[in-house]
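An overview of the molecular structure
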Amino acid sequence: MKNNKRKIGFVIGGLTSGGAERVISTLSNDLIEKFEITIITLTKSKPFYPLDERIKVISCSDKSKKPKSFLESVQLNYKLARQISKITKEEKIEVLIGFITSANVLTVIASKITGIPAIISERNNPKVEYVPKFWRVLRHFLYPRANTLVLQTKGVKALYEKRISPKKLVILPNPISRELTALKKDLEQKNREKIILTVGRLHFQKRQDMIIRAFAKLNTKGWKLLIVGYGEERKELEDLIEQNKLTDKIEIISKVKNIHEYYNKSSIFVLSSRNEGFPNALLEAMHFGLATISTDCEFGPADIIENGENGFLIDVDGREELIDRLAELMDDETLRQKFSRNAVESTRKYVAKNVVNQWEQLIKSHL
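Quick look at the packing of aromatic side chains
Counting across every chain of the model gives 8 aromatic pairs. Here Phe134 and Trp135 contribute two aromatic rings whose centre-to-centre distance is 5.2 Å and whose plane-to-plane angle is 85 degrees, an arrangement assigned as edge-to-face. On the accessibility criterion, Phe134 (15% relative accessible area) is buried. A ring pair is formed by Phe312 and Phe339, whose centres lie 4.9 Å apart and whose planes are at 80 degrees; its orientation type is edge-to-face. With Phe312 in strand S13 (residues 312-314) and Phe339 in helix H13 (residues 333-346), the pair connects residues that are 27 residues apart, well separated along the chain. For the pair shown, Phe312 and Phe339 are each scored as buried. Through a chain of ring-to-ring contacts, three or more aromatic side chains come together here, namely Phe10, Phe99 and Trp359. Lys257 extends its terminal NZ or CZ atom over the ring of Phe48, reaching a point 5.0 Å from the ring centre. Across the ring face of Phe312, the terminal group of Arg325 is positioned such that the distance to the ring centre comes to 4.0 Å.

As C-alpha cells, then:
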C-alpha cells in the first residue's frame, strides 16, 4: 500500500529535558498519524520524552562544539546549515519547522538552500537577551525571511510586529502532552499533601530564592516546599535553605521524569520568574488542579491566570505580596479548591488535541 503522507522535519538543538523539547515530542507523537516526521537535532542526545517509534531522529553531529572565535562560529554554523539541508534532501522533507533561536536561524538558512518553506517557533522573550550577540544579529536578519513565525503570547507578537509582517505571525500556545494528561488524577484539595511546588531551571531568571525567603517568613507547620529543577544556582539555593534552618522543610529535586507525581500530590504551585517566553510548568500545574501564584511577568502568566479566579498574579518584585498570598492559600482550603476547579477548566483549550489541530492546519497551509 502506497504511503501518501507528506514529509515534515523539526529542527532543534537536542532532545534533552526542557519545554521546547517536550512540545516537539508532543507534536511529533500526535502528528505522526498525518505526516511522516523526522526530527533533526544539532547534536546527538537520547530523547528525554517518549517518542513514537515511527518518528526518525537524525543528528547533525555527535558532540556540541564551542567555537573559539567569531569566524569559527560562522564556519561551524554554516556547516550545520549544510548538514540540515543534506538531511532534508535525503529524507525528502517538504516543510522545515525550527524551535528555539539557533535552530530557527539554521532552519531558515537550510530552507533557502533546499527551496522549501520554513516555519520557525520562538519560545523566548525577545526583550530579555540571554541569547549571544551572534544569534541576535542572525535572528534580526533571518526571522523576517521565514514563511511563518509561531509565537506563544500576544505580548511577544506585538514586539515582532514592529519588523515582521503581521501576516507571517501566528500565536499558538504550547500543548499539554497526552501522556501527561493521562497521568492526571482528579484530586480534591483535601486529598492532596501540604506541599508547595515550584518547577524550573535553578537560574537567576526563575528566582527560586524569592520563594525560599517567603516560605521562611510563614507558619509552615505541616507544609513542605519542593523545588524541582537543575541548574547553576543549586549551591546558592542550598546555602539559603541552610541559613534559614529549613533543610527539613525544603527539598531540591533535579531532572525528574515523573513530574506528574509531584503535580498530583502538591496543593500549591508558585512561579516566581522575572520573565518568561511561555511558562509550561505553570500551565501544567494548573491543568493538574494546583492552586497557583505567579509573578505577572512578561510574558505568559497573564494569558493563563485570571487574577483571583483561577490563581493569583503578583508584581514581579512582590516579595511581601507573595508572603501574603501564600499565607492566604495555605490557610484557606476552600479558596484552594476554587482555584483548583477553575484552573482545570481554563486550561482545557491547551490540551494536545486542540493545539495539535491548529499546528496541523498551519503545516498543511505550507504544503
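With respect to the sheet that holds strand S8 (residues 195-199)
Strand order in the open sheet formed by 6 strands is S10-S9-S8-S11-S12-S13, with parallel pairing between adjacent strands. In this open sheet, the two strands that pair with only one neighbour each are strand S10 (250-253) and S13. Neighbour-to-neighbour, the strand axes of this sheet turn through a mean angle of 20 degrees, independent of strand direction. In the sheet, S8 pairs with strand S9 (residues 224-228) via 5 bridges, with the strands oriented parallel. Each residue of the ladder has a partner; that of Thr198, found in S9, is Ile227. Strands in contact with helix H12 (residues 319-331) are S8, strand S11 (268-271), strand S12 (291-295) and S13; relative to S13, the strand with the most contacts, it is inclined by about 165 degrees.

A few points about a negative patch on the surface
A grouping of Glu188, Asp331, Asp332 and Glu333 is seen on the molecular surface, where their side chains present a negatively charged patch. Looking at Glu333, the relative accessible area reads 40%, which means it is partly exposed.

Here we look at the pairing of strand S2 (residues 35-43)
Buried residues dominate S2, accounting for 8 of its 9 residues. Chirality of the crossover, the property in question, places the unit of strand S1 (residues 6-12), helix H1 (residues 19-31) and S2 among those that are right-handed. Inspection of the sheet shows S2 paired to strand S3 (residues 56-61) by 5 bridges, in the parallel sense. Directly across from Thr43, in S3, lies its bridge partner Ser61.

A closer look at the side chain of Glu276
Checked against the element boundaries, Glu276 lands in the loop between S11 and helix H10 (280-287). Take Glu276: its relative accessible area is 5%, and that puts it in the buried class. Discounting chain neighbours no more than four positions away, the residues touching Glu276 are Asn125, Gln205, Lys206, Leu271, Cys297, Glu298 and Phe299.

Topic: unusual backbone geometry
Following Glu298, the chain continues to Phe299 via a peptide bond in cis, the omega torsion being 0 degrees. With respect to the element layout, Phe299 can be found in the loop between S12 and helix H11 (301-304). One non-glycine residue, Ile100, lies in positive phi territory at about 80 degrees. Within the element layout of this structure, Ile100 appears in the loop between strand S4 (95-99) and helix H3 (101-114). You can call Ile100 partly exposed: its relative accessible area is 28%.

Some remarks on helix H2 (residues 70-90)
Taking 1.5 Å of rise per residue, the 21 residues of H2 would be expected to cover 30 Å, and the 30 Å separating its terminal C-alpha atoms lies within 8% of that figure. What H2 keeps buried is the set Ser73, Asn77, Leu80, Ala81, Ile84, Ser85, Ile87 and Thr88. For H2, the buried positions fall inside an angular range of 165 degrees around the axis, keeping them on one side. Exposed residues pointing more than 90 degrees away from the buried face of H2 are listed as Leu71, Lys79 and Lys89. In this structure, the buried side of H2 is in contact with S1, S2, S3, S4, H3 and helix H4 (133-142). Positive backbone phi, at 55 degrees, marks Lys92, one or two positions downstream of H2.

Rules and cut-offs
Residues numbered from 1 in each chain as written. Predicted model: local features only at pLDDT ≥ 70, side-chain atom pairs only at ≥ 80, totals over all residues. Heavy atoms only, no water. Phe/Tyr/Trp six-rings, centres within 6.5 Å; stacked < 30°, edge-to-face > 60°. Buried < 20%, exposed > 50% of the residue type's maximum accessible area, 1.4 Å probe, protein only. Helix = DSSP H or I, 4+ residues; strand = E, 2+ residues; numbered from the N terminus. Lys NZ or Arg CZ within 6 Å of the ring centre and 35° of its normal. Pairing = 2+ DSSP bridges. Axes fitted to C-alpha atoms, helices over the stretch in contact; angles between N-to-C directions. Contact = heavy atoms within 4.5 Å. Patch = residues over 30% accessible without salt bridge, like charges linked within 9 Å, V, L, I, M, F, W, Y side chains within 5 Å. Areas by Shrake-Rupley, 256 points an atom, 1.4 Å probe, with all protein chains shown as cover. Salt bridge = Lys/Arg side-chain N within 4 Å of Asp/Glu carboxyl O. Lys, Arg positive; Asp, Glu negative; His and termini not counted. Charge placed at Lys NZ, Arg CZ, Asp CG, Glu CD. Right-handed = clockwise from strand over helix to strand, strands pointing away. Expected span 1.5 Å × (residues − 1). Arc of directions from axis to C-beta.

Remember that the coordinates give geometry; whether it matters functionally is a separate question.
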